[in-house]
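# Descriptive analysis of the structure
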Amino acid sequence: MPLRPKSAPKDASFETETLNDFLRAAGQGDETAFSELVHHVAPRLKTWLMRRNYSDSDAEDIIQETFVALWQQAAARFDPLRSNIYTFIVGIARHKAADRWRMRNAAVNNAAFVPLDDVADTLQSDAGENVDALAVRQALKLLPAEQYQCVYAMFYQGLTHEQLAANSGIPLGTVKSRLRLAYSSLRKNLG
Amino acid sequence: MASFHPDADLLLRYSAGTCGAALQLAISSHLALCNECAYAVQRLDAISGMAISEAQPTLVSKKCLQQIFDRCKTPVTAQPAAQVTDTYPAPLSGLISQNPLKWESRGKDIQQAILLKEQSGTVAYMMKIRKGAEIPEHNHRGDEFVLILEGSMIDQRGATLRGDFVTTDAAFTHKPRAGDDADCVCLVVATGGVKFTKGLLRVLNVLPWQ
């Protein structure tokens, strides 16, 4: 059973705000701010990717493509009122990971590798205000323990439903119904 | 405004990065056409973002970091912009404009073109159905997800239009028909082939890529 969501470390919001500032500065060409950002975020992104079964070298390739896209195009479009550094990076990394997958499988698919758009669709939409870390923690805390367990396994550990069912002994149908309930609760509480 | 959407399970898997490449393509294409789901995913991405922020760091090689900084110092060469068509949303348009679809006929009314195939056997392909044509009655060997991009498709659940994302499970038997106004173009993700349930068509019971 995973731990319940942690309380915010004292400097967490400051840290995210600082990183948001770095990203905004990077969008204006500040190399030092960009370097700080890469050194802080890349190792965490690598963990997230490797939990989704990307190899060490694939994870580093995805990281490289994510940060290059961030520097060359995306940072200038970053709006801290709409997103935060991590939410922003998730959208880019997800597309870069898909590109990486297609490149790996290009031979299988008998199709030339073509990268997709650098910036996630969700970032370009008029998707409303940023959800802050406190709101996310609150929304997670409101989930019953058995629903939180499923959300944690999926988002933090990168497990598929099948893996979660096999690891925990919870029937697959139960995993799915718990996630459906969790989704309703999260949508209600994340706005 | 889409009337059919990916369910909670699919949006959670998409945001968490565990849904696989074929569904990733279909869902991201739907998000480009559906503000409601794009909004929902942005909310969920706040959880994914937090999972990254709280992850224990894994050492990133000096070589990787150096390559990032070297590439960022190189002036950006202008890439030819992907040709965005009215039919294909952003996640598909780049892929299709630079890598034209190889349409293959499946009978007189249907054309298909593969986009990608996962090791699991799940495939993503484009399908074009002549206006007014009907696909003979069938069910499926697995789940099927269809994103309508042009025209419309009609079965007992009603009419589906551009942007609609329709999920069909294996047990569901239907006889979908393209609307009369225009050919129906859609993106299909199938975890198994279709299974025609009547007469001679049963010989066609395997997708060409499976």
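Here the structure is shown first, and the text comes after it.
Predicted, not measured: the structure shown is a model, and the values here were computed from it.

## Overview of the overall build of chain B
When its secondary structure is counted, chain B shows 5 helices and 11 strands. Looking at the 210 residues of chain B, the share that counts as buried comes to 52%. Long-range pairs, those at least 24 residues apart, make up 68% of the contacts in chain B between residues at least 6 apart in sequence. A total accessible area of about 9,400 Å² is found for chain B, and carbon and sulfur atoms account for 52% of it.

## Comments concerning the overall build of chain A
From N to C terminus, chain A includes 10 helices and 0 strands. Each helix and strand of chain A, ordered N terminal to C terminal, gives the series α-α-α-α-α-α-α-α-α-α. Evaluated residue by residue, chain A yields a buried proportion of 52% over its 191 residues. Counted over contacts in chain A with a minimum sequence separation of 6, partners at least 24 positions apart contribute 66%.

## Description of the interface of chain B and chain A
At the interface, 61 residues of chain B touch 65 residues of chain A. Both sides of the chain B and chain A interface together cover about 6,100 Å² of buried area, and 66% of this is carbon and sulfur. Looking only at chain B, the three residues that lose the most surface to chain A are B:Arg43, B:Ile47 and B:Ile52, adding up to 11% of its buried area. Where chain B meets chain A, there are 3 salt bridges. Notably, a salt bridge pairs B:Arg71 with A:Glu65, separated by 2.9 Å at the nearest N-O pair. The interface formed by chain B and chain A contains 16 residue pairs in polar contact (both at pLDDT 80 or more). Breaking the side of chain B that touches chain A down by element, the ones donating at least two residues are α1 (8–16), α2 (21–33), α3 (35–53), α4 (62–73), α5 (90–98) and β2 (110–117) of chain B. Per-element accounting of the side of chain B that touches chain A gives the leading share, 17 residues, to α3(B). In terms of residue class, the side of chain B that touches chain A is built from 33 nonpolar, 18 polar and 10 charged.

## Section: the sheet that holds strand β8 (residues 165–168) of chain B
Within a beta sheet, neighbouring strands are joined by backbone hydrogen bonds and run either parallel or antiparallel to one another. All names here are of chain B. Here we have 6 strands laid out as an open sheet, ordered β1-β2-β3-β10-β5-β8, and antiparallel in their pairing. Edge positions in the open sheet fall to β1 (104–106) and β8, since each of these has one partner strand only. Averaged over all adjacent pairs, the angle separating strand axes in this sheet is 30°, with direction ignored. Relative to strand β10 (residues 184–190), strand β3 (residues 123–129) runs antiparallel, the two sharing 7 bridges. Bridging across to β10, Lys 128 finds its partner in Val 185.

## Here's the deal with the pattern of salt bridges
Under the definition given, this model contains 13 salt bridges over all chains. The residue B:Glu104 makes a salt bridge to B:Arg106 at a minimum N-O spacing of 2.8 Å. The partly exposed category is assigned to B:Arg106, whose relative accessible area is 27%. Through salt bridges with shared partners, a single ionic network connects A:Lys46, A:Asp56 and A:Glu60.

## Remarks on the nonpolar core
Judged by nonpolar contacts, the single largest core of 101 residues is most densely connected at A:Phe34, A:Phe67, B:Met126 and B:Leu187. Top contributing element to this core by residue count: α3(B), with 10 residues. Residue contributions to this core reach at least three from each of two domains, namely domain 1 (12–130) and domain 2 (134–190) of chain A. Setting aside its immediate chain neighbours within four residues, B:Leu187 contacts B:Leu25, B:Ala26, B:Ser29, B:Leu92, B:Leu115, B:Ala124, B:Tyr125, B:Met126, B:Phe145, B:Val146, B:Leu147 and B:Leu149.

## Concerning the sheet that holds strand β9 (residues 177–178) of chain B
Residue and element names in this part refer to chain B. Reading across the sheet, the 3 strands line up as β7-β6-β9 and stay open at both edges, with antiparallel pairing between neighbours. Edge strands, defined here as strands with exactly one partner in the open sheet, are β7 (158–160) and β9. Here 2 bridges tie strand β6 (residues 153–155) to β9, and the two strands are oriented antiparallel to one another. Bridge pairing in β9 links Ile 154 to Arg 177.

## Section: the state of the cysteines
Disulfides are covalent bonds that connect the sulfur atoms of two cysteines. Counted under the stated rule, the structure contains 0 disulfides over all chains. Among the cysteines around B:Cys184, which has no disulfide bond, B:Cys186 carries the closest sulfur, lying 4.6 Å off.

## As for the environment of B:Cys72
By secondary structure assignment, the location of B:Cys72 is in helix α4. The class for B:Cys72 is buried, based on a relative accessible area of 12%. When residues no more than four places from it in sequence are discounted, the contact partners of B:Cys72 are A:Phe34, A:Phe67, A:Val68 and A:Trp71.

## Let's talk about the environment of B:Asp183
Residues and elements named next belong to chain B. Here Asp 183 shows up in the loop between β9 and β10. Taking the C-alpha atoms as reference points, Asp 183 and Ala 133, separated by 50 residues in sequence, lie 8.7 Å from one another. Those residues in contact with Asp 183 that lie beyond four places of it in its chain are Ile 129, Arg 130, Lys 131, Glu 150 and Gly 151. Polar side-chain contacts of Asp 183 include one of 2.8 Å to the backbone nitrogen of Lys 131.

Each value, and the rule that gives it
Residues numbered from 1 in each chain as written. Chains lettered and ligands numbered in written order. Predicted model: local features only at pLDDT ≥ 70, side-chain atom pairs only at ≥ 80, totals over all residues. Heavy atoms only, no water. Helix = DSSP H or I, 4+ residues; strand = E, 2+ residues; numbered from the N terminus. Buried < 20%, exposed > 50% of the residue type's maximum accessible area, 1.4 Å probe, protein only. Contact = heavy atoms within 4.5 Å. Areas by Shrake-Rupley, 256 points an atom, 1.4 Å probe, with all protein chains shown as cover. Buried area = accessible area lost by both parts, 1.4 Å probe. Salt bridge = Lys/Arg side-chain N within 4 Å of Asp/Glu carboxyl O. Polar contact = N/O pair within 3.5 Å; in protein donor to acceptor, adjacent residues only side chain to side chain. Nonpolar A, V, L, I, M, F, W, Y, C, P; charged D, E, K, R; others polar. Pairing = 2+ DSSP bridges. Axes fitted to C-alpha atoms, helices over the stretch in contact; angles between N-to-C directions. Core = buried A, V, L, I, M, F, W, Y, C linked by side-chain atoms within 4.5 Å. Domains from an automatic or database assignment. Disulfide = S-S within 2.5 Å.

Interpretation note: all reported values are geometric properties and have no functional meaning in isolation.
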